[in-house]
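Geometric and topological summary
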Amino acid sequence: MPEAAAHVASGKVREIYALDDERLLLVASDRISTFDVVLPTEIPDKGRVLTGLSGFWFARTRPLVANHLLGLRADGRSTECRRLAMLPLECVVRGYLSGSGWKDYRATGNVCGHALPAGLVESAQLPEPIFTPSTKAQEGHDENIDRARAVELVGEERFQEVERVSLELYRFASDYAAARGIVLADTKLEFGLDADGTLVLADEAFTPDSSRFWPAEEYTPGGPQPSFDKQFVRDYCESLGWEKTPPGPELPDEVVAGTRARYVEAFETLTGIGFDAYLADPEVVLR
Ligand code: PZK
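Residues numbered from 1 in each chain as written. Predicted model: local features only at pLDDT ≥ 70, side-chain atom pairs only at ≥ 80, totals over all residues. Heavy atoms only, no water.

1. Side note on the overall build of the protein
Using the following cut-off: Helix and strand definitions here come from DSSP, where helices need a minimum of 4 consecutive H or I residues and strands a minimum of 2 consecutive E residues; each element is numbered from the N-terminal end. The quantity called the radius of gyration is restricted to C-alpha atoms. Its globule counterpart is 2.2 Å times the number of residues to the power 0.38. Using a 1.4 Å probe on the protein chains alone, a residue whose accessible area is under 20% of its type maximum counts as buried, one over 50% counts as exposed, and one in between counts as partly exposed. Working rule for contacts: check all heavy atoms of both residues, and any pair within 4.5 Å makes them a contact. Using a 1.4 Å probe, the Shrake-Rupley method yields the accessible areas, and only the shown protein chains count as cover for residues. Neither His nor the chain ends contribute to the count of charged residues, in which Lys and Arg are positive and Asp and Glu negative. By convention, the point assigned to a charge is CZ for Arg, NZ for Lys, CD for Glu and CG for Asp.
When its secondary structure is counted, the protein shows seven helices and 18 strands. Relative to a compact globule of 287 residues, whose C-alpha radius of gyration would be 19 Å, the protein shows 19 Å and is just as compact. Over its C-alpha atoms, taken along the principal directions, the protein stretches across nearly 55 × 50 × 35 Å. Of all 287 residues assigned to the protein, the portion counted as buried reaches 51%. In the protein, the proportion of contacts linking residues at least 24 apart, taken out of those at least 6 apart, comes to 63%. Carbon together with sulfur atoms contributes 50% to the accessible area of the protein, which is approximately 13300 Å² in total. Within the protein, one finds 30 positive and 47 negative side-chain charges whose respective centroids are separated by 1 Å.

2. What about the nonpolar core?
Burial of nonpolar side chains together is a common tendency in soluble globular proteins. For the record, the criterion: Buried residues of nine kinds, namely Ala, Val, Leu, Ile, Met, Phe, Trp, Tyr and Cys, make up a nonpolar core once their side-chain atoms join them within 4.5 Å.
Of all hydrophobic cores here, the largest spans 59 residues; its most connected members are Trp57 and Phe191. Among the elements that make up this core, the one with the highest residue count is helix α4 (residues 156-178) (eight residues). In terms of nonpolar packing, the next biggest core, distinct from the first, is built from ten residues, Val111, Cys112, Leu120 and Ala124 among them.

3. Some thoughts on the site of the ligand
Going by this rule: Note on definitions. A residue lies near a molecule or strand when any single heavy atom of the residue is within 4 Å of it. Under the rule applied, a polar contact is a pair of N or O atoms within 3.5 Å (in protein, one hydrogen donor and one hydrogen acceptor; residues adjacent in sequence only if both atoms are side-chain atoms). Think of it as three bins: nonpolar holds Ala, Val, Leu, Ile, Met, Phe, Trp, Tyr, Cys and Pro, charged holds Asp, Glu, Lys and Arg, and polar takes everything else, Gly as well.
For the ligand, the set of nearby residues contains 13 residues, the closest of which are Ser10, Gly11, His68, Arg82 and Leu84. Take His68: an N or O atom from its side chain is 3.0 Å from a nitrogen atom of the ligand. One of the backbone N or O atoms of Asp203 is found 3.1 Å from a nitrogen atom in the ligand. Protein coverage of the free-state accessible area of the ligand, which is 480 Å², stands at 86%. Elements that contribute at least two residues to the shell around the ligand include exactly β1 (6-10), β2 (14-18) and β3 (23-28). For the shell around the ligand, the per-class residue count stands at six nonpolar, three polar and four charged.

4. Let's talk about the pattern of salt bridges
The condition that has to hold: Any Lys or Arg side-chain nitrogen found within 4 Å of a carboxyl oxygen on Asp or Glu counts as a salt bridge.
Summed over all chains, the structure comprises 26 salt bridges. In this structure, the salt-bridge partner of Arg212 is Asp186, at a minimum N-O distance of 2.5 Å. A residue pair is termed long-range when its members are at least 10 positions apart, and Arg212 in strand β18 (residues 211-215) and Asp186 in strand β16 (residues 182-193) qualify at 26 residues. Accessibility expressed as a relative area gives 31% for Arg212, which makes it partly exposed. Given the relative accessible area of 5%, Asp186 is considered buried. A single salt-bridge network, built from bridges that share partners, covers Asp20, Arg23, Arg73 and Glu80.

5. A look at the packing of helix α1 (residues 46-61) against α4
Here is the rule: Whenever a helix is involved, its axis is fitted only over the stretch in contact; in every case the axis is a line through C-alpha atoms, and angles between N-to-C directions fall within 0 to 180 degrees. Here is the rule for angles: anything less than 35 degrees is roughly parallel, anything more than 145 is roughly antiparallel, 65 through 115 is roughly perpendicular, and the remaining ranges are oblique. Crossings are sorted by hand: turned counterclockwise from the far helix by less than a right angle, the near helix makes the crossing left-handed, and turned clockwise it makes it right-handed.
Close contact between α1 and α4 brings their axes to 11 Å; oriented N to C, the two are set at 120°. Between α1 and α4, the angle falls in the class oblique. Considering only the axes of α1 and α4, their crossing is right-handed. Between α1 and α4, the contacting residues are Phe56, Trp57, Arg60 and Thr61 on the first element and Leu169, Phe172, Ala173 and Tyr176 on the second. By residue class, the composition of the contact of α1 with α4 is six nonpolar, one polar and one charged.

Here you go:
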């Protein structure tokens, strides 16, 4: 627990505390959500895997854009970061047609105003990655918006900048992941501005909670893809006939162990760093 730090915000599986006027502490718990419901059973070390992966990507994308990372704490789950003025935009990049992108395409033939070729199937790779911003809904799902609405929210110049930077980041990370057998189907990035008005990448970056990770070996367009990390949890929940409304079910030990192993595998495959080395010294991912 952070010593005498004021709680600032709660996400579904993360918390933010204020360290001082300029710095925040982002703490990733081991909670897991599926079908938008947080389950009562935790996945040991999940928060450490996500924190380590974010740190790894922040360190490697620094040449592309500034980011909020100041340091990783020895607990492996806490990130000290710069306090920013967050942009009111979820910066989504899609390289493949999945989730709400697939739903919008099937209904209208386009996604957030991007006209796409006819005849694409679910999970198809897009001709080019597309920037499909959304806004944080007060309740429930984020709302996909078109370019005009995004420009209303952040201005034309800032929109062009976040679009360009988001696409560059996605290309960098998806090329990196593809070379290691993981399809990074899409991702959600969040940006803020520092006191100078410089654009800064914030939140988490290219984790399985903010992106769809698919095992490349099993990639088969034409339907939904198995998730690299959560598939055991989804399959188990489906097998119960659970209604996908709270409360979620407890997970059996073998589902917990299998899911933990998948998170650790994602970490080690992408970073090339042993998870034990991360636990011994989290800042190993920054070097
Ligand atoms: C910030 N969130 C979303 C994430 C939560 C909520 N560097 C920053 N400066 C100012 N604000 C934020 C950040 C970051 N990151 C991000 N809310 C505020 C969020 C995780 C857990 F509870």
